Amino acid sequence: MTEYLTILTFCLAGTLSGAIISLIPSLHIYNTAGIALILWTHIEGVIPYTAVAPFFLSLVVAYAFLNTIPMTLIGAPDESASVTILPGIKYLTLGRGFEATLAGGIGSLIGILFLSVAMPLIYVAMPFIHKILAPHMHAILMAVIVYMLMSEWPKGEGLGRTTWERFRQAWRNVFAGLVTFGLAGILGLIVTSRTLVSPDAGFQNIMPVFIGLFAIPGAIEKLLSRETIPPQHISSSVELTRGDIGWSTLQGVIAGGMAAYLPAVTAGIGGILAGHAVARRGDRLFIVSGGIAKVLYYVGAFLLLYCVTPLTPMGIGRGGLSIILKPVLQPLPRELPMMIGAILLSGCISFLLLIPSTRLTIRLLSRVHYHVLYWATLPLLVVLVVFITGWAGLALMLIASCIGMIPVFFHSRRSNCMAVLLVPIALNMAGYGDTILRLLGLD
Amino acid sequence: MDRIADVIMSMANTPNIDETHCPGCGRFVGPYDTCPHCQSSLRHRISLKVFRWIAVGGSIIGLIILWIGLRIQEVPLLHAGQIDLQHNMATARFEGKVISVSTDDKKNSFRITLDDGTGLIMLMGHGKLSVFRKVLGDTFPRPGDTISAVGNISYSENYGLTAFIASPRRLTMLSRDEVIRKELGRITREDIGLIGRFDGTVVEVTPFAKGMTLRLQDPSGQQQLTVFHSELKRLEDTRIDQISKIGTTVRFLGRVDVYRNEIQLRLVEPADPGNLDVQPPAEPVSAPPVS
């Protein structure tokens, strides 16, 4: 009983902490989770071992829900949603930001319910699927890369006075996307071979790169923007039909499933693939399925670690939280029901927290210009990077920021920045890791 | 048609605002230097194009500087004893003595246990054994070698402290002691940990649950050689049969070890044909059964 109460307490604590952290624009939960874990090892006994996984899982569950608020209301997407943010912004400009946030939250709630029901089936089926797919992972990732690039091909209206103008119109975004992808891929190959960051900060050596690629350009974009947030209506209902929920669930589960299982594929990239697979359009569908995909990407990926079977004796570790907790966690299949309970509890509380938090944020934004929030966040991110990874991390962040700003200024997909992980992982899995190291002279 | 094209172009691009409109808010300002609506200056402005090209140029120059910086930078040396949770996923260099080498041809993988004086660290290469063997050749680590390795630290509850080595060029041999030949009767407690070449004739076989103890004899005296079933599994069938026969001559690369205060010899990498040679007796001698 004491153990039950302890786990319950830390579940609630994780949910509340996650909810607060999620409201800070551009701050990723994995950064704070990594720091929290290091603190935990130094202040042993604060969180009992049995409560470590439920605490961190609740933290991530809350993030998957409440991160929708900064994402929709002030346009601060994380790496998982950098391609799925547009419909939310459209709602915001129409004064329906509250509704969009709640629609995303409903999606996340569906995601949690889906995981709770489907996890036993996933536990049985996933090891077999993994056994079949694992040897071909490099080919799958290559296919994802090709699809990602080709789905942006070409954009523009093809209008202009001269042939050159028309050509430029049509290919500018595509070219910017390819440049972003190429540069981010090279950066990924370099930083995964060696890194400037001191080994003492090894646990967060990719953090400056991610903050540089996603958070800083997003913040700069918003600071340069002169758009104002129109008054938002607090509605008591959400425009959704049963059909919307059904199609969103299908699309969200496909997107989230791919993002949870395939390394370096985020919920946003999964969303592009699933969107084409389901072939349904609509902002509502996009927002709700984005919420589902986000939960599967953050939470489902971690739960795969508990698929400990004779076929997968070490589980199928996926996602950032698995990497963060790997040094201290030895997952046992019998703990899976407890984890399902934890996500259900944390998910429902997070949804309940989402409603007043959205109201509060809307009220705050009516009084404080969103530029102020970004001016406060930007130094916070820089201080965080310098504090954890030192000046070398700051240098890395600046380089990544330059790459991350290309899609912002040239209006191409920001998800191309994910090449930072996709390219090195795919090439390493294909067995070219050694050749690449030699070519770069970093062996 | 030109007019229509202009309208569509203006929708597709950033609006082409003339000097009489505020570039900040787009409203009419007439001859003013400062917009009366949004107070932004019309003279002191930097085009977004500048930032665009800063982003492109900065990322290319940054990548080049980063690459050069990393090429000239030494990978920092870490000691196993000082590695903590925060070092997880860091790239670091390790130097120490190889305690054991385990290879798996089927999985094309290897595992090297390194002792750097402060603790043990496992160096691993998944699916890379053939590349490492091809590139390193005779310098592929063996017990007793002092090596330097650059690897990515992985700290996990399941595997403990490991470092994954990505390339054979990240593994260099610093020194290799001459392997001495030692007579069995001259092995003393001072030799514990020594890796050397030994040979002797099997005079007694004592099986135990997980292996067997062979008493070997040479003109200088006798010594025990402990062989585990797990080690035998890696040998060819013929050598397994022969090694337990009395009268067999065994030549091997071995390590002087101690168990329950008694000196014993252990095989070093018996799967490597150069490390173990078994010569059956001239005339078959009956041997006790091995369980």
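Residues numbered from 1 in each chain as written. Chains lettered and ligands numbered in written order. Predicted model: local features only at pLDDT ≥ 70, side-chain atom pairs only at ≥ 80, totals over all residues. Heavy atoms only, no water.

1. As for the overall build of chain A
As a reminder of what qualifies: Secondary structure is summarised from DSSP: a helix means a run of H or I of at least four residues, a strand means a run of E of at least two, and numbering begins at the N terminus for each. Within these notes, the globule rule equals 2.2 Å times the number of residues to the 0.38 power, and the radius of gyration is based on C-alpha atoms. Accessible area is worked out with a 1.4 Å probe on protein chains only. A residue is then buried under 20% of its type maximum, exposed over 50%, and partly exposed in between.
Helices and strands together make up the secondary structure of chain A, namely 17 helices and zero strands. Over its C-alpha atoms chain A spans a radius of gyration of 21 Å, differing by no more than 12% from the 22 Å that the globule rule assigns to 443 residues. Projected onto its principal axes, the C-alpha coordinates of chain A cover approximately 75 × 60 × 45 Å. Counting across all 443 residues of chain A, residues that qualify as buried make up 58%.

2. Regarding the interface of chain B and chain A
Selection criterion: We call two residues in contact whenever any of their non-hydrogen atoms come within 4.5 Å of each other. Here a salt bridge means any side-chain nitrogen of Lys or Arg lying within 4 Å of a carboxyl oxygen belonging to Asp or Glu. Amino acid classes used here: Ala, Val, Leu, Ile, Met, Phe, Trp, Tyr, Cys and Pro are nonpolar; Asp, Glu, Lys and Arg are charged; the rest, including Gly, are polar.
Chain B puts 48 residues into the contact, and the matching count from chain A is 52 residues. The interface formed by chain B and chain A includes one salt bridge. The closest approach of N and O atoms between D434 of chain A and R169 of chain B, which form a salt bridge, is 2.9 Å. Tallying contributions element by element places helix α2 (residues 48-72) of chain B first for the side of chain B that touches chain A, with 16 residues. Residues that form the side of chain B that touches chain A fall into these classes: 25 nonpolar, 16 polar and seven charged.

3. Describing the pattern of salt bridges
If the charged atoms of two oppositely charged side chains come close together, the side chains can form a pair. Scanning all chains against the criterion turns up 16 salt bridges over all chains. The salt bridge partner of R96 of chain A is E99 of chain A, with a shortest N-O separation of 3.1 Å. We classify E99 of chain A as buried; its relative accessible area is 10%. The partner of E95 of chain B in a salt bridge is R93 of chain B, and the shortest N-O contact between them spans 2.5 Å.

4. Digging into helix α16 (residues 419-429) of chain A
Among all positions in α16 of chain A, only A419, V420, L422, V423, P424, A426 and L427 of chain A are buried. Contacts from the buried residues of α16 of chain A go to α7 (137-150), α8 (163-193), α9 (207-224), α11 (267-278) and α17 (433-440) of chain A.

5. A look at the environment of F181 of chain A
Residues and elements named next belong to chain A. Relative to the helices and strands, F181 is located in helix α8. Along the backbone, F181 and V368 are 187 residues apart, and their C-alpha atoms lie at a distance of 36 Å. Not counting the four nearest positions on each side in its chain, F181 is found in contact with I145, M148, L149, N416, A419 and V423.

6. What to know about the packing of helix α3 (residues 49-66) of chain A against helix α14 (residues 336-367) of chain A
Residues and elements named next belong to chain A. Applied cut-off: Here an axis means a line fitted to C-alpha atoms, over the contact stretch when the element is a helix, while the angle between two N-to-C directions is reported on a 0 to 180 degree scale. Left-handed is the label given to a crossing in which the near helix is rotated counterclockwise from the far helix by less than a right angle, and right-handed is the label when the rotation is clockwise.
Between α3 and α14, the shortest axis-to-axis distance is 8 Å and the interhelical angle comes to 35°. By crossing handedness, the relation of α3 to α14 is classed as right-handed. Residues T50, A53, P54, L57, S58, V61, A62, F65 and L66 of α3 form the contact with α14, whose own contacting residues are M338, M339, A342, I343, S346, G347, S350, F351, L353, L354 and S357. The class makeup of the residues in the contact of α3 with α14 is 14 nonpolar, six polar and no charged.

7. Section: the packing of helix α10 (residues 242-261) of chain A against helix α12 (residues 283-303) of chain A
Residue and element names in this part refer to chain A. Look at α10 against α12: their axes get within 7 Å of each other, and the N-to-C directions meet at 35°. Handedness of the α10/α12 crossing: right-handed. Contacts from D244, W247, S248, T249, Q251, G252, V253, A255, G256, G257, A259 and A260 of α10 reach α12 at R284, L285, F286, V288, S289, I292, A293, L296, Y297, G300 and A301. In terms of residue class, the contact of α10 with α12 is built from 13 nonpolar, eight polar and two charged.

8. What about the side chain of R318 of chain A?
Its location among the elements puts R318 of chain A in the loop between α12 and α13 (319-325). Contact partners of R318 of chain A, with chain neighbours within four places excluded, come to H130, M137, A260, Y261, P263, A301, F302 and L304 of chain A.

9. A few points about the side chain of D434 of chain A
Here D434 of chain A is to be found in helix α17. Exposure remark for D434 of chain A: the relative accessible area of 12% places this residue in the buried category. D434 of chain A has contacts with V131, A166, S167, P168 and R169 of chain B, leaving out every residue within four places of it along the chain.

10. Here we look at unusual backbone geometry
Residues and elements named next belong to chain B. Not every positive phi belongs to a glycine, and M89 is a case in point at roughly 80°. With respect to the element layout, M89 can be found in the loop between α2 and β1 (91-104). Its relative accessible area of 30% is what places M89 among the partly exposed residues. One non-glycine residue, N108, lies in the positive phi region at around 55°.

11. As for helix α15 (residues 370-410) of chain A
Residue and element names in this part refer to chain A. The following threshold applies: Expected span, for any helix, means 1.5 Å times one less than how many residues it has. The term bend refers to the angle at a residue between two fitted axes, each drawn through seven residues, those ending there and those starting there.
Given a rise of 1.5 Å per residue, 41 residues ought to cover 60 Å, yet the end C-alpha atoms of α15 are separated by just 23 Å, more than 12% below that figure. Its axis deflected by about 130° at T389, α15 carries its strongest bend there. Just downstream of α15 lies H411, where phi reads positive at about 55°.

12. Things to note about a nonpolar patch on the surface
All names here are of chain A. As a reminder of what qualifies: Patch membership is restricted to residues that have no salt bridge and whose relative accessible area is over 30%. Joining uses 9 Å for like charges and 5 Å for the nonpolar side chains Val, Leu, Ile, Met, Phe, Trp and Tyr. Only the protein chains shown count as covering a residue, and every accessible area follows the Shrake-Rupley method with a 1.4 Å probe.
A contiguous nonpolar patch, built from V146, M150, W153 and L178 and spanning about 370 Å² of accessible area, is present on the exposed surface. Looking at where L178 falls in the secondary structure, it is placed in helix α8. With relative accessibility at 32%, the residue L178 sits in the partly exposed group.

13. Some details on the domain arrangement of chain B
Our working definition: The source of the domain bounds is an automatic or database domain assignment.
Taken domain by domain, chain B holds domain 1 (15-73), domain 2 (80-175) and domain 3 (180-279). Each of domain 1 of chain B and domain 2 of chain B has a C-alpha centre, and these two points are 50 Å apart.

14. Section: the nonpolar core
Worth spelling out the cut-off: What makes a nonpolar core is a set of buried Ala, Val, Leu, Ile, Met, Phe, Trp, Tyr and Cys residues whose side-chain atoms join them at distances within 4.5 Å.
Judged by nonpolar contacts, the single largest core of 139 residues is most densely connected at F56, L187, I211, V299, L303 and L325 of chain A. For L325 of chain A, the contacting residues outside a window of four places in its chain are L37, V52, A53, F56 and F302 of chain A. Residues I121, I153, A163 and I165 of chain B belong to the second largest nonpolar core, which totals 24 residues.

15. Topic: the pairing of strand β2 (residues 109-115) of chain B
Residue and element names in this part refer to chain B. As a reminder, the rule being used: Whether two strands pair comes down to DSSP finding at least two bridges between them.
The buried count for β2 comes to five of seven residues, which makes it a mostly enclosed element. Judged from the seven bridges that link them, β1 and β2 form a sheet pairing that is antiparallel. Directly across from V98, in β2, lies its bridge partner L114. As consecutive antiparallel partners, β1 and β2 are separated by four residues, and within that stretch N108 has a phi angle of approximately 55°, a positive value. Hairpin remark: β2 followed by strand β3 (residues 120-125), antiparallel, with four residues in the connecting loop; positive phi at G117, about 95°.

16. So, the environment of T9 of chain A
Relative to the helices and strands, T9 of chain A resides in helix α1 (residues 2-22). Between the alpha carbons of T9 of chain A and F55 of chain A there is a distance of 8.7 Å; along the sequence they are 46 residues apart.

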